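This is what each chain is made of:
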Amino acid sequence: MAKKYVKMVIDKEFKIAKIDKRIYGSFIEHLGRGVYEGIYQPGHPSADRDGFRKDVMELVKELNVPVIRYPGGNFVSNYFWEDGVGPVKERPKRLELAWRSLETNEVGLNEFAKWAKLVGSDVMMAVNLGTRGVSDACNLLEYCNHEAGTKYSDLRIGHGYKEPHKIKTWCLGNEMDGAWQLGSKTPEEYGRLAYETAKAMKLIDPEIELVSCGSSSTGMKTFPEWEAVTLEHTYDYADYVSLHQYFGNYNNDTANFLAKSMETEHFIKTVIATCDYVKAKKRGKKNINLSFDEWNVWYHSRRADDDAMKRKPWQKAPALLEDIYTFEDALLVGLMLITFIKHADRVKMACLAQLVNVIAPIMTKADGPAWKQTIYYPYLHASRYGRGTALQPVLYSTRHDTREYTDVFDVDAAVVYNEEAEEVTIFAVNRDLEDDIEFTCDIRSFDGYELIEHIILANGDLLAVNSAAKQTVEPKKAENTRIENGTLTTYLGKASWNVIRLGKNNMKEK
Ligand code: AHR
């Protein structure tokens, strides 16, 4: 069998774009145990005075999440934000229709904004364009962002929040193309409503940025016509269009599963093309950029959840979407992060869906600790070391075919140059399930750079999982990486996530 290998050339002048740190964003929805028993659990030994779990906050802070989308998701399409503000005792309980749960409204936007500040994240707020519309979105924006002296800003002040939350990024609804969405719409209906809402919102606060709702997945029949039609309506006011994508290894075919990030690539390219088509048609000057504001692996819990919602609806914080992630899931999460970095010129936001308990890197036990799932690690590494400028590597990799995909690179990689810190990080996944692969990289452009470390996430068992009791899948240091005469040489272990960090002269202690 022919030898498998990878060759790469990187050069500090070959720049794709400065990375918007918000590509390392996440998402918290009022869903399952994401909020209640997730970030908020009064009575838990680690809870602060406001009921926020400090053990969870520590893990979120470690991830350094720049932006968190809130409050949904499907939840937002029938959400009445007014239920969640003011004295907690007076807040109503509601039938939450998206997930057939009981929403107690103990946590609302003020509490969430306070929590987000504590963990160092900005809030990305979604408005309800399912069962509500222009005026409610305006009221919410006035409540959140207007200084004082008006009905809703004064209401906020009366609720104890003198300073406006100054929320910059707003989503115009959620997955409005989906039949499951409350108040779902045709592209024309959504386009008109989103246009009118966006226009009014920018009159209230011209500083905000708006995300027009894109397709719920590439599998939707209306994709990409949805983007073409809706963006033609919203182009003047929208800054971004949303993309959502979830994968699962339903056929127990790991090679095929790990090739799925090629669909992420295809999705991004198609949406960019559609945005540019609309720009040309409108004779416009600005680009619509991409907000990949829901992405992850999601399948382990699906069937059980459908049954649970049918059999036992209207529970408070039921355990829903609690995927326990395997090691192979972490590899696909790494591959998707690599894909976002490679498109840093147009993908400006991306939210790992979600953050706590619900298809999440962080899990909690109601009567125990918070703990890290396998997918925590590629997300942590990308957020920590993926800040700076995305470089365009010249990458040659031997290839393979899978059930659904041809010419799949054995190794995929992205490179980030942090000019300020004088560091370069190579993120690479070896998709090959059989062989370690020789990796050489020409780094002559980075004169004087030395190896800081080569972090690797690998496990002989693709289905290994972590738990509150045991971190079976954890990063380790690789010891076989060398730099000689401007060439970096290493072996990327079979089925592995790799983070190779270089720094200028004697940076080893960094
Ligand atoms: O993240 C879980 C759900 O997935 C969200 O509520 C919805 O927007 C998407 O379908």
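Could you give me a rundown of empty space enclosed by the protein, with the residues and numbers involved?
Under the counting rule described, the total for this entry stands at three cavities of 30 Å³ or more. The computed volume of the largest cavity comes to approximately 110 Å³. Considering the residues around the largest cavity, the lining is formed by 15 residues, among which Trp 81, Ala 126, Val 127, Asn 128 and Leu 140 are closest to the centre. The residue makeup of the lining of the largest cavity, split by class, is eleven nonpolar, two polar and two charged. Considering only enclosed or pocket space, the second largest cavity measures out at about 80 Å³ in volume. Lining of the second largest cavity is provided by His 30, Leu 31, Gly 32, Val 35, Tyr 36, Glu 96, Ser 101, Leu 102, Glu 103, Ala 317 and Pro 318. The element contributing the most residues to the lining of the second largest cavity is strand 6 (residues 101–103), with three residues.

Describe the packing of aromatic side chains, and please don't skip the residues or the numbers.
Scanning the model with the defined rule gives 21 aromatic pairs in all. Ring centres of Tyr 5 and Tyr 396 lie 5.4 Å apart, and the angle between their planes is 40 degrees; on these two criteria the pair is classed as tilted. Note that Tyr 5 is positioned in strand 1 (residues 5–9) and Tyr 396 in strand 17 (residues 394–397), a separation of 391 residues in sequence. The class for Tyr 396 is partly exposed, based on a relative accessible area of 38%. Between Phe 427 and Trp 497 the ring centres are 5.7 Å apart and the planes differ by 20 degrees, which places this aromatic pair in the stacked class. Of this pair, Phe 427 sits in strand 21 (residues 423–430) while Trp 497 sits in strand 27 (residues 496–504), placing them 70 residues apart in sequence. Just as Phe 427 is buried, Trp 497 falls in that class too. Grouping aromatic residues by their ring pairs yields a cluster made of Phe 223, Phe 267, Phe 292, Trp 295 and Phe 340. Just above the ring of Phe 27 sits the side chain of Arg 69; from NZ or CZ to the centre is 4.7 Å. Geometry around Trp 298 places Arg 302 over its ring, the cationic atom sitting 3.6 Å from the centre.

Could you give me a rundown of the layout of surface pockets, with the residues and numbers involved?
Regions of empty space are outlined by a rolling probe, equal in size to a water molecule, passed over the atoms. The calculated volume of the largest pocket comes to roughly 720 Å³. Along the walls of the largest pocket sit 36 residues, with Glu 175, Trp 180, Tyr 246, Trp 298 and Arg 302 positioned nearest its centre. Only strand 10 (240–247), helix 7 (254–258) and helix 9 (302–311) provide two or more residues apiece to the lining of the largest pocket. Sort the elements by how many residues they give to the lining of the largest pocket and strand 10 lands first, with three residues.

Reading the values: the criteria
- Note on numbering: residues in each chain are counted from 1, in written sequence order.
- Restriction of local features to residues with pLDDT of at least 70 applies here, the model being predicted, together with a cutoff of 80 or more for giving and counting side-chain atom pairs; totals for whole chains, interfaces and linings are based on all residues.
- Side-chain numbers come from the whole structure's heavy atoms, not from hydrogens or water.
- The pocket and cavity definitions rest on a 1 Å grid over protein atoms only: a 1.4 Å probe that fits but cannot leave marks a cavity, an open set with protein on both sides within 12 Å along at least five of seven lines marks a pocket, and residues lining either have an atom within 4 Å of a point.
- Grid points are joined across faces, edges and corners, and a volume is the space filled by probe spheres set on the points.
- Under the grouping applied here, Gly and all other residues not named as nonpolar or charged are polar, the nonpolar ones being Ala, Val, Leu, Ile, Met, Phe, Trp, Tyr, Cys and Pro and the charged ones Asp, Glu, Lys and Arg.
- A helix here means a DSSP run of H or I that spans at least four residues, while a strand means a run of E at least two residues long, and both kinds are numbered starting from the N terminus.
- What counts as a ring pair is set by centres within 6.5 Å for rings of Phe, Tyr and Trp (its six-membered ring), and what kind of pair is set by the plane angle: stacked under 30 degrees, edge-to-face over 60, tilted for all other angles.
- Only protein chains enter the accessibility calculation, which uses a 1.4 Å probe; a residue is then buried when its area is under 20% of its type maximum, exposed when over 50%, and partly exposed in between.
- Two conditions define a charge located above a ring, namely a distance within 6 Å from the ring centre to NZ of Lys or CZ of Arg, and an angle within 35 degrees of the ring normal.

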